[in-house]
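So the chains spell out like this:
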Amino acid sequence: MAKDEVAKLLDRHTQLVHSERKRVISHVQRETGNWIINTVMLEDYSVPFKFKRKKPYKNLKGQFVNLTYYPDNDSVAGIDVEVMNVVRIRVS
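Summary of the structure given here.

Calculation notes
- Residues numbered from 1 in each chain as written.
- Predicted model: local features only at pLDDT ≥ 70, side-chain atom pairs only at ≥ 80, totals over all residues.
- Heavy atoms only, no water.
- Pairing = 2+ DSSP bridges.
- Helix = DSSP H or I, 4+ residues; strand = E, 2+ residues; numbered from the N terminus.
- Axes fitted to C-alpha atoms, helices over the stretch in contact; angles between N-to-C directions.
- Salt bridge = Lys/Arg side-chain N within 4 Å of Asp/Glu carboxyl O.
- Buried < 20%, exposed > 50% of the residue type's maximum accessible area, 1.4 Å probe, protein only.

Our focus in this paragraph is the pairing of strand β1 (residues 17–32). When β1 meets strand β4 (residues 64–76), the two strands line up antiparallel, connected through 5 bridges. Considered in β4, the bridge of Ser 19 is made with Leu 67. By the bridge criterion, 8 bridges tie β1 to strand β2 (residues 35–42) in an arrangement that is antiparallel. Each residue of the ladder has a partner; that of Ser 26, found in β2, is Met 41. Between β1 and the antiparallel strand that follows it, β2, lie 2 residues; Gly 33 among them carries a positive phi value of about 65°.

Strand order around the closed barrel formed by 5 strands is β1-β2-β3-β5-β4, with mixed pairing between neighbours. Ignoring which end each strand starts from, the neighbouring axes of this sheet average 40° apart.

Following the criterion strictly, the structure yields 1 salt bridge and no others. The residue Lys 50 makes a salt bridge to Asp 74 at a minimum N-O spacing of 2.8 Å. Of the two residues, Lys 50 sits in strand β3 (residues 49–53) while Asp 74 sits in strand β4, which places them 24 residues apart along the sequence. Under the relative-accessibility criterion, Asp 74 is labelled partly exposed at 26%.

Without other data, these values stay purely geometric and don't point to any function.
As structure tokens, this is what we get:
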């Protein structure tokens, strides 16, 4: 997806946020049913970034990535936790 396509996506969906060249400090994958849930932690962020895939993803730890995501809340043990749902992730 080119930069102009990202701009169009951001214009259509006002909740989306795009960040570039963020370093991944942790990447965990776990299987849930037919999906693999990926959780990524970024340098200088205290919020997990999550995305789903049908197949395992390459390990992103230490890589710089470009992300398009939107903020959301997830309930863990009855406690609401802020998370970022990733729509698009690319190694930069």
